[in-house]
Amino acid sequence: NAGVTQTPKFRVLKTGQSMTLLCAQDMNHEYMYWYRQDPGMGLRLIHYSVGEGTTAKGEVPDGYNVSRLKKQNFLLGLESAAPSQTSVYFCASTTSDSYEQYFGPGTRLTVT
Amino acid sequence: GNSVTQMEGPVTLSEEAFLTINCTYTATGYPSLFWYVQYPGEGLQLLLKATKADDKGSNKGFEATYRKETTSFHLEKGSVQVSDSAVYFCALTHLGTGNQFYFGTGTSLTVIP
């Protein structure tokens, strides 16, 4: 049982490049989330999904897109990376009737 | 709106000292309250929770009581250990709204031997 996994663990991008972060969970959770963590800012919600094929914006969605084509996967895309997107990105999942979110280990992204 | 405010860090304590990390919240209705912990290089893990007023959450020697009258959920531990060094996040959620969590900014704790 791997829980929540994230790929890749580290990435360096140049400004304007694109990339996709992959989150996968094997717990059959309905809900999935993408957060970014910045010093002094805590965790801020980027996008979330309450089921396959559905997504919604969180607190800081600009510059990001997401897709949930399969229940177990939640993809976060950066179409044109900017230095302001340098951050640590965390994925999380949970069920509709649970209070606990299960977090992945994070992806450290640097945009130069 | 919903928001969580927690005390600024970093906090440095000697082993066996008493720990308090303050957390207050603003929310509509009656949220559930949480403390999450993040060890170096890892994702967040649930430490404890309280789902209604006056509930006390506890785990691994940590405790927090849901105080509706003061909108607070302060984290306490009577005797910290070096292994408690981590970043602690206070958070709230309302079930039924996509279970969105609102996190505080985190408080870094370092325990020295």
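Scroll up to find the structure.
Computed from a prediction, not measured in an experiment: that's the story for all the values here.

Conventions and cut-offs
Here, residues in each chain are numbered from 1, in the same order as that chain's written sequence. Here every chain gets a letter starting at A, and every ligand a number starting at 1, in the order they are written. Whole-chain, interface and lining totals are the exception, using all residues; otherwise, since this is a predicted model, local features are given only for residues with pLDDT of at least 70 and side-chain atom pairs are given and counted only at 80 or more. Values shown for side chains rest on all heavy atoms present in the structure; no hydrogens or waters enter the calculation. Think of it this way: any DSSP run of H or I at least four residues long counts as a helix, any run of E at least two long counts as a strand, and we number them from the N terminus. For this measure, only C-alpha atoms enter the radius of gyration; the expected value for a globule follows 2.2 Å times N^0.38, where N is the number of residues. Burial classes: relative accessible area under 20% of the type maximum marks a residue as buried, over 50% as exposed, and values in between as partly exposed (1.4 Å probe, protein chains only). Contact definition: two residues touch when any of their heavy atoms are within 4.5 Å. In short, buried area is how much 1.4 Å probe accessible area vanishes from two parts on joining, totalled over both. By salt bridge we mean one thing: a side-chain nitrogen of Lys or Arg within 4 Å of a carboxyl oxygen of Asp or Glu. Put simply, the grid is 1 Å and covers the protein atoms alone, a cavity is a trapped set of points that fit a 1.4 Å probe, a pocket is an open set with protein on both sides within 12 Å along at least five of seven lines, and lining residues have an atom within 4 Å of a point. Grid points are joined across faces, edges and corners, and a volume is the space filled by probe spheres set on the points. Polar here means any residue other than Ala, Val, Leu, Ile, Met, Phe, Trp, Tyr, Cys and Pro, which are nonpolar, and Asp, Glu, Lys and Arg, which are charged; Gly is therefore polar. In this analysis, strands are considered paired if DSSP registers two or more bridges between them. Every axis corresponds to a line fitted to the C-alpha atoms, with the helix fit spanning only the stretch in contact, and the corresponding angles, defined between N-to-C directions, vary from 0 to 180 degrees.

J.: Can you break down the overall build of chain B residue by residue, with the values?
T.: Each helix and strand in chain B was counted, giving zero helices and twelve strands. In terms of overall dimensions, chain B is globule-like: its C-alpha atoms have a radius of gyration of 14 Å, near the 13 Å expected for 113 residues. C-alpha extents for chain B along the principal axes are approximately 45 × 30 × 20 Å. Evaluated residue by residue, chain B yields a buried proportion of 46% over its 113 residues.

J.: Lay out the interface of chain A and chain B in plain terms, naming residues and giving numbers.
T.: At the interface, 23 residues of chain A touch 22 residues of chain B. Between chain A and chain B, a total of about 1,600 Å² is buried, with carbon and sulfur atoms accounting for 60% of that surface. Considering only the surface of chain A that becomes buried against chain B, Leu43(A), Tyr99(A) and Phe103(A) emerge as the three largest contributors, covering 37% of it. On inspection of chain A and its partner chain B, the count reaches zero salt bridges.

J.: Pulling in residues and values, what's your account of the layout of surface pockets?
T.: When its volume is computed, the largest pocket comes out at roughly 640 Å³. As for the largest pocket, its lining consists of 32 residues, and the residues nearest its centre are Gln37(A), Val88(A), Phe90(A), Arg108(A) and Gln38(B). Ranked by residues supplied to the lining of the largest pocket, first place goes to strand S12 (residues 107-112) of chain B with four residues. Broken down by class, the residue content of the lining of the largest pocket amounts to twelve nonpolar, 16 polar and four charged. Lining the second largest pocket are 17 residues, and of these Leu43(A), Arg44(A), Glu59(A), Tyr102(B) and Phe103(B) sit closest to its centre. Of all the secondary structure elements, the ones that give two or more residues to the lining of the second largest pocket are strand S5 (42-51) of chain A together with strand S1 (3-6) and strand S11 (101-103) of chain B. Residue classes in the lining of the second largest pocket are distributed as eight nonpolar, seven polar and two charged.

J.: If you had to explain the pairing of strand S11 (residues 107-111) of chain A to someone new, which residues and values would you point to?
T.: Residue and element names in this part refer to chain A. Across the two faces of S11 the burial differs, with Thr107, Leu109 and Val111 buried and Arg108 and Thr110 not buried at all. Taken together, the four bridges between strand S2 (residues 10-13) and S11 define a ladder with parallel strand orientation. From the neighbouring strand, valine 12 faces S11, where its bridge partner is threonine 110. Here strand S9 (residues 87-94) pairs with S11 via three bridges, running antiparallel.

J.: Before we move on, could you go through the sheet that holds strand S8 (residues 62-65) of chain B and cite the residues and values that matter?
T.: Residues and elements named next belong to chain B. Taken in spatial order, the four strands of this open sheet run S3-S9-S8-S7, and their pairing is antiparallel. The open sheet has two edge strands, strand S3 (19-21) and strand S7 (56-59), and neither has a second partner. Taking each pair of neighbouring strands and ignoring which way they run, the sheet shows an average axis angle of 15°. Across three bridges, S3 lies against strand S9 (residues 75-77) in antiparallel orientation. Counterpart to threonine 20 in the pairing with S9 is glutamate 76.

Shape is all these values report; function is a separate question.
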